[in-house]
Amino acid sequence: MISQLSLFQESGIGVKRISYEETIPFILGVHYARRMPCVQYAYGLFLDGTLIGCVTYGQPASPSLCKGVAGTENAHRVLELNRLVILPEYNGKNYASILVSKSLSYLPRRTFVVSYADSAWGHVGYIYQATNWMYTGMTKDRTDIYSDGGHSRHYKKGETKRQYRSAKHRYIYLVG
């Protein structure tokens, strides 16, 4: 059997599954969110044997999103591409689209994948466009309840602090 890394041997580029622990320096140290998401699948991009980026997939936080994307009978098949990180010195060289494209091919068949491009960071989803995702429009900007920098799911009852959340471009990919 051909290993995942051997697919790109001549170019020195490879994509393979990595551990949760291997994603931590990228997600907490490089990604702008600086927060670990739910990770079910993680893949690394290797250049000449060195890990230069990662992509993670996990269960979306919203059950209604899963039903809306795939229907009640297939809601359990929905994953979210929740982090994509390439070391800054390798940005702009198609490495992100290579990583996303190859990692999608390793996910279980009959999986619906959703991802967002955050307009507040100037993201529009060029990587998703380059890898043939379906654009489904923009979310609405809104405000969330928050608790001293924490996520809205962790607020204390009665708190009325609000935090702005920008509109995001939403993309969907069907695996297999």
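All of the points below concern the structure found in this document. (Residues numbered from 1 in each chain as written. Predicted model: local features only at pLDDT ≥ 70, side-chain atom pairs only at ≥ 80, totals over all residues. Heavy atoms only, no water.)

### Digging into the overall build of the chain
Here's step 1: Helices and strands together make up the secondary structure of the chain, namely four helices and nine strands.
Here's step 2: In the chain, the succession of α and β elements from N to C terminus is β-α-β-β-α-β-α-β-α-β-β-β-β.
Here's step 3: Evaluated residue by residue, the chain yields a buried proportion of 41% over its 176 residues.
Here's step 4: At a minimum sequence separation of 6, the contacts of the chain that also span at least 24 residues come to 66%.
Here's step 5: Surface exposure of the chain reaches about 10200 Å², of which carbon and sulfur atoms provide 51%. (Helix = DSSP H or I, 4+ residues; strand = E, 2+ residues; numbered from the N terminus. Buried < 20%, exposed > 50% of the residue type's maximum accessible area, 1.4 Å probe, protein only. Contact = heavy atoms within 4.5 Å. Areas by Shrake-Rupley, 256 points an atom, 1.4 Å probe, with all protein chains shown as cover.)

### Some words on the side chain of Arg83
Here's step 1: Its location among the elements puts Arg83 in strand β4 (residues 78-86).
Here's step 2: In this structure, Arg83 is buried with no salt-bridge partner, the nearest side chain bearing the opposite charge being Glu80 at 6.4 Å.
Here's step 3: Looking at Arg83, its side chain comes within polar contact range of the main-chain oxygen of Arg35, at 2.8 Å.
Here's step 4: With near-sequence residues (within four places) excluded, Arg83 lies in contact with Ile27, His31, Ala33, Arg35, Pro37, Cys54, Val55 and Thr56. (Lys, Arg positive; Asp, Glu negative; His and termini not counted. Salt bridge = Lys/Arg side-chain N within 4 Å of Asp/Glu carboxyl O. Polar contact = N/O pair within 3.5 Å; in protein donor to acceptor, adjacent residues only side chain to side chain.)

### Points about the pattern of salt bridges
Here's step 1: On inspection of all chains with the given rule, the structure shows one salt bridge.
Here's step 2: We note a salt bridge from Asp118 to Lys168, for which the minimum N-O separation is 3.9 Å. Highlighted residues: Asp118 in strand β5 (residues 111-118) and Lys168 in strand β9 (residues 168-175), separated in sequence by 50 residues. With respect to class, Asp118 is no different from Lys168; both count as buried.

### Things to note about the pairing of strand β2 (residues 41-47)
Here's step 1: Along β2, seven of the seven residues are buried, which leaves the element largely enclosed by surrounding structure.
Here's step 2: Where strand β1 (residues 13-17) lies against β2, five bridges are found, and the strand directions are antiparallel. Bridging from a neighbouring strand, Ile13 pairs with Leu47 of β2.
Here's step 3: Bridge count for β2 against strand β3 (residues 50-58) is seven bridges, and the pairing is antiparallel. Residue pairing across strands places Tyr43 opposite Val55, the latter belonging to β3.
Here's step 4: Here β2 folds back onto β3, and the loop between the two strands holds two residues, one of which, Asp48, carries a positive phi near 50°. (Pairing = 2+ DSSP bridges.)

### Observations regarding the packing of aromatic side chains
Here's step 1: If you walk through the whole model with that rule in mind, you get seven aromatic pairs.
Here's step 2: The interplanar angle of 55° and the centroid separation of 4.8 Å between the aromatic rings of Tyr128 and Trp133 together place this pair among those described as tilted.
Here's step 3: By the ring-pair criterion, three or more aromatic residues cluster together here, those being Tyr128, Trp133, Tyr135, Tyr171 and Tyr173.
Here's step 4: Above the face of the Phe46 ring, Lys16 is positioned so that its terminal group lies 5.3 Å from the ring centre. (Phe/Tyr/Trp six-rings, centres within 6.5 Å; stacked < 30°, edge-to-face > 60°. Lys NZ or Arg CZ within 6 Å of the ring centre and 35° of its normal.)

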